[in-house]
Amino acid sequence: MPRRKSRDYKVPLKVIVPCAIILAIGTVAAFTLKMFFTRHHYFKISRVSIQGAQDSPYVDFKRRLIGKNIFSLDLRGLKRQIEAEQENVRCAFVQRRLPGELLFLLEKRIPVAQIKLLRYHLVDNLAQIMPYASDLAFADFPVILGLQDKMQGKKPYAAPPELVRAVELLKEMNSISALSAYRITRINISSDRTNSLYLLEESSGGEPQNGFSQATPVEVKFSPDKPIETARVLALLLKKRSLQTVEYIDLKNIDSPVILEKKEKSSR
């Protein structure tokens, strides 16, 4: 029988040696470049610029960076450091401007709600807990309830998805002009996914119309998975009716909203 040709191929030495030399040269070149960029005095930081906030609270922070090599610093670490200097701001990004300038873009954290844990904590528009806490509720901010168990023991408090969606709902409602006359007083987040918000119509200084009085906020049940759609459907429902005439709204199914009207008081 004819012998089968062997399929075991050996890489010739004349191929291995050049590849090894090229790899070694590349490694040495990369190391040399790294040493050049992280050690050369040309890339020492001579200026630290801060945009979006006043420089005065960050004088010491900026001074600590002057003279350091711009490539030897961890930008994510710097972002966390400058946010720790002033907890009411957020660092949008840190940028290297060669050869020796660092640029920090800061944004003021704007509270949009408050969450009830052991105390009341303000929440910004990215659903992050702000450093302000109080034993009493803050005025003019809706209270988000029902997340104590989900956030207990977490420091800093990590935002669960339920809180993120509640903040998305608030932001969307604040952006719709048709809802500018209404205010959410609180949002209840339930473990059985039956969430409710309580909506109040801002008083215009006049008397209640049509024999109705707005003694308490109106409950609006909604789906936690569709906060933006909920706000838009709610705006359409209230476009041609006053909240003073509404007893209850169910938006769990936004395709089939349910509205219970108040019964008109009979005049004597």
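Residues numbered from 1 in each chain as written. Predicted model: local features only at pLDDT ≥ 70, side-chain atom pairs only at ≥ 80, totals over all residues. Heavy atoms only, no water.

A.B. asks: I keep staring at the packing of helix α5 (residues 161–175) against helix α6 (residues 227–237) and nothing clicks. Help me out?
C.D. replies: In a pair of packed helices, the angle between the axes and the distance between the axes together describe the arrangement. Where α5 contacts α6, the axes come no closer than 8 Å and their chain directions differ by 35 degrees. Every pair of crossing elements has a handedness; the one defined by α5 and α6 is right-handed. Two secondary-structure elements touch here, α5 through Arg165, Glu168, Leu169, Glu172 and Met173 and α6 through Pro227, Ile228, Thr230, Ala231, Arg232 and Leu234. A breakdown of the residues in the contact of α5 with α6 according to their chemical character gives six nonpolar, one polar and four charged. (Axes fitted to C-alpha atoms, helices over the stretch in contact; angles between N-to-C directions. Helix = DSSP H or I, 4+ residues; strand = E, 2+ residues; numbered from the N terminus. Left-handed = near helix turned anticlockwise from the far one by under 90°. Contact = heavy atoms within 4.5 Å. Nonpolar A, V, L, I, M, F, W, Y, C, P; charged D, E, K, R; others polar.)

A.B. asks: Got a minute to help me understand the environment of glutamate 168 in this structure?
C.D. replies: Locating glutamate 168 in the fold gives a position in helix α5. Between the C-alpha atoms of glutamate 168 and leucine 126, which are 42 residues apart in sequence, the distance is 8.5 Å.

A.B. asks: Even after reading the chapter, I still don't get the side chain of serine 49, so can you show me in this structure?
C.D. replies: By secondary structure assignment, the location of serine 49 is in strand β1 (residues 47–51). A distance of 3.3 Å separates the side chain of serine 49 from the side chain of arginine 47, its partner in a polar contact. (Polar contact = N/O pair within 3.5 Å; in protein donor to acceptor, adjacent residues only side chain to side chain.)

A.B. asks: Honestly, the sheet that holds strand β6 (residues 129–134) in this entry has me stumped. Any pointers?
C.D. replies: Consider a sheet: its strands pair through backbone hydrogen bonds, and that pairing is either parallel or antiparallel. If you walk across this open sheet you meet the nine strands as β6-β5-β4-β7-β8-β9-β10-β11-β12, and the pairing is mixed. Sheet topology places β6 and β12 (258–261) at the edges, where each strand pairs with a single neighbour. Strand after strand, the sheet turns through a mean of 25 degrees between neighbouring axes, direction not considered. When strand β7 (residues 143–145) meets strand β8 (residues 182–188), the two strands line up parallel, connected through three bridges. Note on β8: the bridge partner recorded for valine 143 is arginine 186. In the packing of α5 onto the sheet, the strands contacted are β4 (111–116), β5 (120–124), β6, β7, β8, β9 (195–201) and β10 (218–222), and the crossing angle to β8 comes to about 170 degrees. Against the sheet, α6 touches β9, β10, β11 (246–251) and β12, its axis set at about 145 degrees to β11. (Pairing = 2+ DSSP bridges.)

A.B. asks: What's the story with the pattern of salt bridges in this structure? I'm lost.
C.D. replies: Two side chains bearing opposite charge may form a pair once their charged atoms approach each other closely. Under the defined criterion, the tally for this structure stands at 12 salt bridges. Ionic pairing is found between arginine 90 and aspartate 124, a salt bridge with its closest N-O pair at 2.2 Å. A residue pair is termed long-range when its members are at least 10 positions apart, and arginine 90 in strand β2 (residues 89–97) and aspartate 124 in strand β5 qualify at 34 residues. Here arginine 90 and aspartate 124 have matching classes, each one buried. A salt bridge links arginine 232 to glutamate 172, with the nearest nitrogen and oxygen atoms 3.0 Å apart. Placement of arginine 232 in helix α6 and of glutamate 172 in helix α5 is noted, with a sequence separation of 60 residues between them. (Salt bridge = Lys/Arg side-chain N within 4 Å of Asp/Glu carboxyl O. Buried < 20%, exposed > 50% of the residue type's maximum accessible area, 1.4 Å probe, protein only.)

A.B. asks: Hey, could you run me through the confidence of the model for the chain in this one?
C.D. replies: As a note on interpretation, predicted positions should not be read in detail where pLDDT is low. Per-residue pLDDT for the chain has a mean of 83; in total, 80% of the residues score no lower than 70. Confidence drops under a pLDDT of 50 for residues 205–214, and excluding neighbours within four residues, the segment shows 17 contacts in the predicted structure. (pLDDT = per-residue confidence, 0-100.)

A.B. asks: Sorry, what's going on with the sheet that holds β2 here?
C.D. replies: Judged by pairing direction, the sheet is mixed, and its three strands sit side by side in the order β1-β3-β2 without closing on themselves. Edge positions in the sheet fall to β1 and β2, since each of these pairs with one other strand and no more. Direction aside, the axes of adjacent strands within the sheet are offset by 20 degrees on average. Across five bridges, the pairing between β1 and strand β3 (residues 101–108) is parallel. Bridge pairing links valine 48 to leucine 102 in β3. Lying over the sheet, helix α3 (residues 75–85) contacts β1, β2 and β3, oriented at roughly 140 degrees with respect to β2.

A.B. asks: Would you mind showing me how to read the nonpolar core here?
C.D. replies: Note that soluble globular proteins tend to have their nonpolar side chains buried in a common cluster. With 38 residues, the main nonpolar core has Leu163, Ile187 and Leu199 as its most contacted residues. Those elements giving two or more residues to this core turn out to be β4, α5, β8, β9, β10, α6 and β11. The contacts of leucine 163, once residues within four sequence positions are left out, are Ile115, Val123, Ala127, Ile129, Ile144, Leu147 and Met151. Residues Phe43, Ile82, Val89 and Val94 belong to the second largest nonpolar core, which totals 17 residues. (Core = buried A, V, L, I, M, F, W, Y, C linked by side-chain atoms within 4.5 Å.)

A.B. asks: I tried to follow the side chain of arginine 90 on my own but got confused; where do I start?
C.D. replies: Judged by its relative accessible area of 13%, arginine 90 falls in the buried class. When sequence neighbours within four positions are dropped, the list of residues in contact with arginine 90 reads Glu83, Leu105, Leu106, Glu107, Arg109, Asp124, Asn125, Leu126 and Gln128.

A.B. asks: Explanation requested: unusual backbone geometry in the structure shown.
C.D. replies: Generally, phi is negative for residues other than glycine and the peptide bonds are trans, each holding for most cases. Residue proline 99 follows leucine 98 across a cis peptide bond; omega there is 5 degrees. One non-glycine residue, alanine 127, adopts positive backbone phi at about 65 degrees. In this fold, alanine 127 is placed in the loop between β5 and β6. The phi angle at aspartate 140 is positive, at roughly 70 degrees, despite the residue not being glycine.

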